Amino acid sequence: MELYRLGVQELLDMMRRGEATASEVIRSVYARIDNVEDRIRAYVTLSREEAMKMADKADEDMKAGDVKPLSGIPIAIKDNMCTLGIRTTCSSKILRNFIPPYESTVTKRLLEGGYVLTGKTNLDEFAMGSSTENSGLQVTRNPWDTGRIPGGSSGGSAAAVAADECIAALGSDTGGSIRQPASLCGVVGMKPTYGRVSRYGLVAFASSLDQIGPITKNVTDCSLMLNAISGRDPLDSTSAPVETPDFSSFVGREIKGMRIGIPKEYFIEGMDPEVEAAVREAVRRMEGLGAAPVEVSLPHTGYAVAAYYILCTSEASSNLARYDGVKYGFRAGGKDLMDMYMRSRAEGFGPEVKLRIMLGTYALSSGYYDAYYKKAQQVRTLIKNDFERALTDVDILVTPTSPTAAFKLGEKTDDPLQMYLADIFTISVNLAGVPAVSIPCGFTSGNLPMGLQLIGRHFDEGTLLQAAYAYEQSTEWHKRKPAL
Amino acid sequence: MKVSIEHLSRLARLSLSDEEKTRFAANLDSILSYIDKLNELDTAGVEPTSHVISLATVVREDVPRESLSREEALLNAPDRTEKFYRVPKIIE
């Protein structure tokens, strides 16, 4: 077995037993990258030299008895998280040459955990999109079918994990951007509870919705990554002052008697019948493991996409006001200061980002604020209440992650609204702030992966991992690899 | 058309081409008609949610700590002098 094929836990075990070194692992991963990256294009920046040095350092530390939680594990980072001295582009022309003068908290924690950075992965520009086709730099392809999209916006991270171009990755999720690409690439992706993980150093898109989380090859690895990045951070005032449990302690617990809610609003027209069948079969499988399924209702589900696109664009229009061509980023020429602002932003941002800035500016503009922004915030309350009510009767909710498997490149690029509806099952979770994980639950007749979404209570990622692991171990889905 | 693209692009500090103005106007129209479905819901008396976890305003002791050096802060500037960011003329 090639080392690059393995997961975090397996490699940690091997390195601790002296059966592999960090240097051998990173060389194996880079050999894989050299072999497949021209077909996948998951990475915007490869940090090969730093990676080799970090691996050597991990080997020295381990030899000296200093074994850290992620010593020597090659991890890819979505290119909207700042890495000190390593280019961070957000896949945008406006940040194409930006070299962060500081380290994000998540990557700082991974550094303290002994990780090896493989490189920075592609995304929809500023994380705005569901296919990674909105990247201002390159198009990433789905490892299961290179004529299809990997999902988005963390498409580079999900594709890199699925193609074994890293051992694990970090993504960010504002409306489904970890879970949907994980689902479409056949890997595990978790959006933790809002506030569980620090957002310091994550380039802001919609601050009340954004959350960083792991993308991994299996559920055990998800728990290890979550252990490494969680916890209150004085540099992010929205990070929650809650204890971080040992998430790996939930892995392996049985799910007998666990009450799982099936929201009836998530089985809609327009959903691929193969996805519906796979999710229903997964529920039966969990029932076979002793869980008790019940139908529940989240009555405001149909309003989530509309509320989300007001809230996220409003926050984005404000957050992205900082790109003015003065302190960092792209600058165009202009006859005066205002002209320079307007041209720099017009030339630096891509079409989807401009559209969202326009929509957000409209929603926040004088005379429209109550009709749009406040209304959307009120609907957010109703959606949040739906989840709180449902999750008092059941322990977790089970839904599809995405209504379809991966679609073809170019299929939805002409119609922003159709692209937005690809996130119909993931968006509500961000509005409610609850945690959710996507895990593989089967393959279509065309051999494309499908994902199951488990949704939990605030700060109850443990129960999600418990259920996800129990289901995962009862299947073989996570062992399948794309033929590359 | 509900939206004045000209006015909006000015507010958003985006200088748009004619082609973009036409396309964005159509996109915004279709997205806003979809968003109109929010009006089916009676939200009278519903508290708006701006934050999902209830946090009081977080404060810390006002203790001086290290921050970026001037050189680090200027490192990514598209145009600078030795000590300052440089911008085009503001006042004629």
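See the structure above.
Before going into details, it helps to say that this report is about the structure given with it. What you see is a predicted model, and the numbers here were worked out from it, not measured in a lab. (Residues numbered from 1 in each chain as written. Chains lettered and ligands numbered in written order. Predicted model: local features only at pLDDT ≥ 70, side-chain atom pairs only at ≥ 80, totals over all residues. Heavy atoms only, no water.)

1. What to know about the pattern of salt bridges
Per the counting criterion, the structure on display carries 30 salt bridges over all chains. The partner of Asp236(A) in a salt bridge is Arg199(A), with the nearest N and O atoms 3.9 Å apart. Remark: Arg199(A) occurs in the loop between β5 (188-191) and β6 (211-216) and Asp236(A) occurs in the loop between α7 (219-229) and β7 (259-263); sequence separation between them is 37 residues. Residue Asp236(A) is classed as buried on the basis of its relative accessible area, which comes to 6%. Its salt-bridge partner being Glu19(B), residue Arg23(B) comes within 2.9 Å of it at the nearest N-O pair. Here Arg23(B) pairs with Glu19(B), and both are found in helix α2 (residues 18-35), just four residues apart, close to one helical turn. (Salt bridge = Lys/Arg side-chain N within 4 Å of Asp/Glu carboxyl O. Helix = DSSP H or I, 4+ residues; strand = E, 2+ residues; numbered from the N terminus. Buried < 20%, exposed > 50% of the residue type's maximum accessible area, 1.4 Å probe, protein only.)

2. Regarding the packing of aromatic side chains
Taken as a whole and judged by the stated rule, the model has 15 aromatic pairs over all chains. Centroid distance Tyr362(A) to Tyr368(A): 4.5 Å. Interplanar angle 35°. Geometry classified as tilted. Residue Tyr368(A) is classed as partly exposed on the basis of its relative accessible area of 31%. An aromatic cluster is defined as three or more aromatic residues linked by ring pairs; in this entry it consists of Phe98(A), Phe126(A), Tyr323(A), Tyr328(A) and Phe349(A). Over the aromatic face of Phe250(A) sits the side chain of Arg253(A), whose NZ or CZ is 4.3 Å from the ring centroid. Across from the ring centre of Tyr303(A), 5.6 Å away, lies the NZ or CZ of Lys37(B), which sits over that ring. (Phe/Tyr/Trp six-rings, centres within 6.5 Å; stacked < 30°, edge-to-face > 60°. Lys NZ or Arg CZ within 6 Å of the ring centre and 35° of its normal.)

3. What to know about the sheet that holds β7(A)
All names here are of chain A. Spatially, 11 strands are ordered β1-β3-β2-β4-β6-β5-β10-β11-β9-β7-β8 in an open sheet, and the strand pairing comes out mixed. Of all the strands in the sheet, just β1 (43-46) and β8 (292-296) have a single pairing partner and so form its edges. Adjacent strand axes in the sheet meet at a mean angle of 30°, parallel and antiparallel pairs treated alike. Against the sheet, α7 engages β2 (74-78), β4 (168-173), β5, β6 and β10 (436-443), with an angle of about 145° to β6. (Pairing = 2+ DSSP bridges. Axes fitted to C-alpha atoms, helices over the stretch in contact; angles between N-to-C directions. Contact = heavy atoms within 4.5 Å.)

4. What about the interface of chain B and chain A?
Taken residue by residue, the interface counts 53 residues in chain B and 68 residues in chain A. Between chain B and chain A the total buried area reaches about 5,400 Å² when both faces are included, carbon and sulfur atoms providing 70% of it. At the junction of chain B and chain A, the tally comes to two salt bridges. The salt bridge partner of Glu20(B) is Lys354(A), with a shortest N-O separation of 2.7 Å. For the side of chain B that touches chain A, the secondary-structure elements that each account for two or more residues are α1 (5-11), α2 and α3 (70-74) of chain B. Of all the elements, α2(B) adds the most residues to the side of chain B that touches chain A, at 10 residues. Here the residues of the side of chain B that touches chain A sort into 29 nonpolar, 10 polar and 14 charged. (Buried area = accessible area lost by both parts, 1.4 Å probe. Nonpolar A, V, L, I, M, F, W, Y, C, P; charged D, E, K, R; others polar.)

5. Topic: the side chain of Ser365(A)
With respect to the secondary-structure elements, Ser365(A) resides in the loop between α11 (351-364) and α12 (369-393). Here the side chain of Ser365(A) touches Tyr362(A) through a polar contact of 2.7 Å, landing on its backbone oxygen. (Polar contact = N/O pair within 3.5 Å; in protein donor to acceptor, adjacent residues only side chain to side chain.)

6. Quick notes on the packing of α7(A) against helix α15 (residues 461-473) of chain A
All names here are of chain A. Two numbers describe how α7 lies on α15: the axes approach to 9 Å, and their chain directions differ by 160°. Here α15 runs roughly antiparallel to α7, going by the angle between their axes. On α15, the residues touching Val219, Thr220, Cys222, Ser223 and Leu226 of α7 are Glu461, Leu465, Ala468, Tyr469 and Glu472. (Parallel < 35°, antiparallel > 145°, perpendicular 65-115°, else oblique.)

7. Quick word on the state of the cysteines
Following the criterion strictly, the structure yields zero disulfides over all chains and no others. Just so you know, Cys312(A) is unpaired, no disulfide at all, and the nearest cysteine sulfur is the one on Cys90(A), 15 Å from it. (Disulfide = S-S within 2.5 Å.)

8. Points about the pairing of β8(A)
Residues and elements named next belong to chain A. Note that β7 and β8 share five bridges and pair parallel. Within the sheet, the bridge partner assigned to Pro263 lies in β8 and is Val296. Where the polypeptide runs from β7 across helix α8 (residues 273-288) and back to β8, its parallel neighbour, the crossover connection is right-handed. (Right-handed = clockwise from strand over helix to strand, strands pointing away.)

9. A word on unusual backbone geometry
Residue and element names in this part refer to chain A. In this structure, Ser153 follows Gly152 across a cis peptide bond, with omega equal to 10°. Counting through the fold element by element, Ser153 comes out in the loop between β3 (116-121) and α5 (155-162). In this structure, Arg41 takes a positive phi of about 55° despite not being glycine. Counting through the fold element by element, Arg41 comes out in the loop between α2 (22-40) and β1. The phi dihedral of Phe459 falls on the positive side, at around 60°, and the residue is not glycine. Note that Phe459 resides in the loop between β11 (449-455) and α15.

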